[in-house]
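# A look at the structure
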Amino acid sequence: MQFDFSLFITALGLAFVIEGLPYFIWAEKMPRFLEMMSKQPTANLRRLGFTAIILGILVIFFGRSL
């Protein structure tokens, strides 16, 4: 299997776009949301992160199988 640098850069760019969307769309609400998230227990944040990772892997898996 050969590393596809173009695909990697595309995926990285898409990740930046997706990460930036909430800040652009809900700029007024993001500071409150981030403050609320900072007060969450570490275990909750880890569960949220793990869930996001699993969902991302599933999206990639199903997207690549089409």
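Located above this text is the structure these notes cover.
Residues numbered from 1 in each chain as written. Predicted model: local features only at pLDDT ≥ 70, side-chain atom pairs only at ≥ 80, totals over all residues. Heavy atoms only, no water.

### Let's talk about the overall build of the protein
Check the secondary structure of the protein and you find three helices and zero strands. Secondary structure elements of the protein, listed N to C terminal, follow the sequence α-α-α. At 15 Å, the protein has a C-alpha radius of gyration far larger than the 11 Å of a compact globule built from 66 residues. Dimensions of the protein, computed from C-alpha atoms along their principal axes, come out at roughly 45 × 25 × 20 Å. For the protein, with 66 residues in total, the buried portion stands at 3%. If you average the places of the 6 positive and of the 4 negative side-chain charges in the protein, the two averages end up 10 Å apart. (Helix = DSSP H or I, 4+ residues; strand = E, 2+ residues; numbered from the N terminus. Rg over C-alpha atoms; globule rule 2.2 N^0.38 Å. Buried < 20%, exposed > 50% of the residue type's maximum accessible area, 1.4 Å probe, protein only. Lys, Arg positive; Asp, Glu negative; His and termini not counted. Charge placed at Lys NZ, Arg CZ, Asp CG, Glu CD.)

### A look at the layout of surface pockets
Size it by volume and the largest pocket reaches roughly 530 Å³. Every residue lining the largest pocket is listed: Leu7, Ala11, Leu14, Ala15, Ile18, Glu19, Ala52, Val59, Ile60, Gly63 and Arg64. Considering each element in turn, the lining of the largest pocket owes the most residues, six residues, to helix α1 (residues 5–25). (1 Å grid on protein atoms, 1.4 Å probe; cavity = no way out; pocket = protein on both sides within 12 Å on 5 of 7 lines; lining within 4 Å. Points joined across faces, edges and corners; volume = space filled by probe spheres on them.)

### Things to note about the packing of aromatic side chains
Summed over all chains, the structure comprises four aromatic pairs. The structure contains a cluster of three or more aromatic residues connected by ring pairs, namely Phe3, Phe5 and Phe8. (Phe/Tyr/Trp six-rings, centres within 6.5 Å; stacked < 30°, edge-to-face > 60°.)

### Some thoughts on the pattern of salt bridges
In total, this model carries one salt bridge according to the counting rule given. For Glu35, the salt bridge identified is with Lys39, shortest N-O distance 3.3 Å. On the basis of relative accessibility, which here comes to 45%, the residue Glu35 falls in the partly exposed class. (Salt bridge = Lys/Arg side-chain N within 4 Å of Asp/Glu carboxyl O.)

### As for the environment of Leu45
As for its placement among the helices and strands, Leu45 is situated in helix α3 (residues 42–64). In this structure, the C-alpha to C-alpha distance between Leu45 and Met30, residues 15 residues apart in sequence, is 17 Å. Excluding residues that lie within four positions of it along the chain, Leu45 makes contacts with Met37 and Gln40. (Contact = heavy atoms within 4.5 Å.)

### Some details on the environment of Phe61
Among the secondary structure elements, Phe61 is positioned in helix α3. Given a relative accessible area of 53%, Phe61 falls into the exposed group. A sequence separation of 58 residues divides Phe61 from Phe3, and the C-alpha atoms of the two residues are 17 Å apart.

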